[in-house]
Amino acid sequence: MRKILLTMFAAAALLGCAKEPTPATPSEQPGAIAFDNVTTRADKTDLESNGFGVWGVHFNSAHQYGYLLLDKQDVTYEGGEWVYSPVKYWLPNTVFNFVAAYPAERFETAVYTEDDVSLNYVVLNDFNTADQSNVEDILGATAIVDTSVENYTKTVPLTFNHLLCRINVCLMQDGDQNREDNFIIDKVTLSGVKTVGDYYFLPVSSDILCGWVVDANATTTFERKFTDNANIGLSGKRYLDDDGLLLLPQAITAETIKLTVDFRFGAQGTEDIALYEPKTLEAYLPATEDLWQSGKSITYNVKVSTYNPITFLPPTVSSWGNLQSGGTIIIK
């Protein structure tokens, strides 16, 4: 699957590289490349504390398949400024493609060769969310500057976005079916979740192709146990994770990801929880091709009952985090 998708990327790259920028004379002499308006939907503190990596590939008549100008260049925040060394400069009549990634050590530079054509790309290899599903955030940003355009921007804006998606499950008691009864949620399980994948950034002059290639055979199970013996009540909620799981974007086809809820049921008037009846309910997440997307926060809202066991309400879908403004990065 990885080979197929990368080949598709490369085919698009070969088409894209055939488009040379229209020659023109910039109004000013090229100067140092600068980055400005670095923003993120994540916590910018991480970027300021740890820095990030930048790749730059430029395309012109001399390098129609791209020249690697910046190769995992460390950019750090020092004295209130973003800095790196050595300085790189703009070239006239050239298309510059920039990829920025955090954490930089997760990403590598690679070369794809097809029919004697070599293309540079950036890849996150074999990323696994099974063990760090709510720990490690992965960010990426891209930008393209064409210096053949009059008054082209001399600074490169980078908006970092989450490459993962954040998934959660919210369990509620079905008040329509079991209004007077009691429920104690003991465990919630999500199984069949794909957890291993590669992420590609492929500069192709007029575009930067990017996306996940997910291993369909690598799946895992996430579960959470509750031990407080608390009746959930009509207004109570139980979550698969307090903050949500950071997972790979993936299509949810029919009967792929299963939700299992273990609970105890006490009929109206049953006060002794030792008399509650244990039950297990199972249902698959509703099929959708495009719900789990990078940068999305999705919560499945689920009602449980003894009559119509699991009811999926419309999920809560939102952008992940608020866009935060950042400082200015000047490469000099």
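Residue positions are counted from 1 within each chain, in the order its sequence is given. For a predicted model such as this one, the threshold for reporting local features is a pLDDT of at least 70, and the threshold for listing and counting side-chain atom pairs is 80 or more; totals across whole chains, interfaces and linings nevertheless cover every residue. With hydrogens and water set aside, each side-chain value is computed from the structure's full complement of heavy atoms.

## Topic: the pattern of salt bridges
By definition, a salt bridge exists where a carboxyl oxygen of Asp or Glu is found within 4 Å of a side-chain nitrogen of Lys or Arg. By the definition in use, this model includes 8 salt bridges. We note a salt bridge from K72 to E108, for which the minimum N-O separation is 3.4 Å. Of this pair, K72 sits in strand β3 (residues 63–78) while E108 sits in strand β6 (residues 107–114); the two residues are 36 residues apart in sequence, bridging distant segments of the chain. Among the salt bridges present, the one from R264 reaches D186, with a minimum N-O distance of 2.9 Å. Here R264, found in strand β17 (residues 258–266), pairs with D186, found in strand β11 (residues 182–194); they are 78 residues apart in sequence, far enough to count as distant. The helix and strand labels rest on DSSP assignments: H or I over at least four residues marks a helix, E over at least two residues marks a strand, and numbering proceeds from the N terminus.

## Details of the sheet that holds strand β7 (residues 117–128)
Strand order across the open sheet formed by 4 strands is β6-β7-β12-β13, with antiparallel pairing between neighbours. Bordering the open sheet on either side are β6 and β13 (208–214), each of which pairs with just one other strand. Shown here is a sheet whose adjacent strand axes are inclined to one another by a mean of 30 degrees, direction ignored. When β7 meets strand β12 (residues 196–203), the two strands line up antiparallel, connected through 5 bridges. Paired strands, as defined in this entry, are two strands with at least two bridges between them according to DSSP. Each axis is a line fitted through C-alpha atoms, and for a helix only the stretch in contact is used; angles between axes span 0 to 180 degrees, taken between their N-to-C directions.

## Focus on the environment of C165
Among the secondary structure elements, C165 is positioned in strand β10 (residues 165–173). A relative accessible area of 0% means that C165 is categorised as buried. Any two residues whose heavy atoms approach within 4.5 Å at even a single point are treated as in contact. Those residues within four positions of C165 in sequence are excluded, and the remaining contacts are L245, L246, L247, L248, P249, W292, Q293, G295, K296 and W320. Exposure is judged per residue with a 1.4 Å probe applied to protein chains only, and the accessible area is read against the type maximum: over 50% gives exposed, under 20% gives buried, and values in between give partly exposed.

## Some remarks on the nonpolar core
One finds W292 and Y300 to be the most contacted residues of the largest nonpolar core, which totals 31 residues. Elements with a minimum of two residues in this core: β10, β11, β16 (245–247), β17, β18 (277–284) and β19 (296–304). In terms of residue count, β11 provides more of this core than any other element does, 5 residues in total. With residues up to four places along the chain from it excluded, the contact list for W292 reads C165, I167, V193, L247, L248, P249, Q250, I252, I257, L285, I298 and Y300. Listed in part, the 24 residues of the second largest apolar core include I33, L47, L69 and Y84. Among buried residues, those of type Ala, Val, Leu, Ile, Met, Phe, Trp, Tyr and Cys that are joined through side-chain atoms within 4.5 Å constitute a nonpolar core.

## Structural notes on the environment of P286
Inspection of the secondary structure puts P286 in the loop between β18 and β19. For P286, a relative accessible area of 36% puts it in the partly exposed group. Taking C-alpha positions, P286 is 9.3 Å from T256, a pair spaced 30 residues apart along the chain. In this structure P286 touches I252, Y300 and F312, once residues within four positions along its chain are discounted.

## Some remarks on the sheet that holds β11
Strand order in the open sheet formed by 4 strands is β14-β11-β17-β18, and the pairing between neighbours is antiparallel. The sheet is open, and its two edges are formed by β14 (219–225) and β18, each paired on a single side. On average, each strand axis in the sheet is tilted by 15 degrees relative to the strand beside it, whichever way the strands run. Bridge analysis of β11 against β17 gives 9 bridges, and the strand direction is antiparallel. Each residue of the ladder has a partner; that of K187, found in β17, is D262.

## A short note on the pairing of β11
The buried count for β11 comes to 10 of 13 residues, which makes it a mostly enclosed element. Bridge analysis of β11 against β14 gives 7 bridges, and the strand direction is antiparallel. Bridge pairing links V188 to R224 in β14.

## Remarks on the side chain of R238
When you line up the elements, R238 lands in strand β15 (residues 238–239). If we ignore the near neighbours within four places in the chain, the residues touching R238 are V169, C170, L171, I185, F226, D228, A230 and I232.

## Here's the deal with the packing of aromatic side chains
Each aromatic pair joins two rings of Phe, Tyr and Trp (for Trp, the six-membered one) with centres within 6.5 Å, and gets the label stacked for planes under 30 degrees apart, edge-to-face for over 60, and tilted for any other angle. Tallied over the full model, the rule gives 15 aromatic pairs. On the numbers, 6.3 Å between centres and 45 degrees between planes, the contact of F107 with F201 is tilted. Taken together, the residues span a long stretch of sequence, with F107 in strand β6 and F201 in strand β12 at a distance of 94 residues. The same class applies to F107 as to F201, namely buried. Arranged with centres 5.5 Å apart and planes meeting at 45 degrees, the rings of Y121 and Y200 form a pair that is tilted. With Y121 in strand β7 and Y200 in strand β12, the pair connects residues that are 79 residues apart, well separated along the chain. An identical accessibility class is assigned to Y121 and Y200; each is buried.

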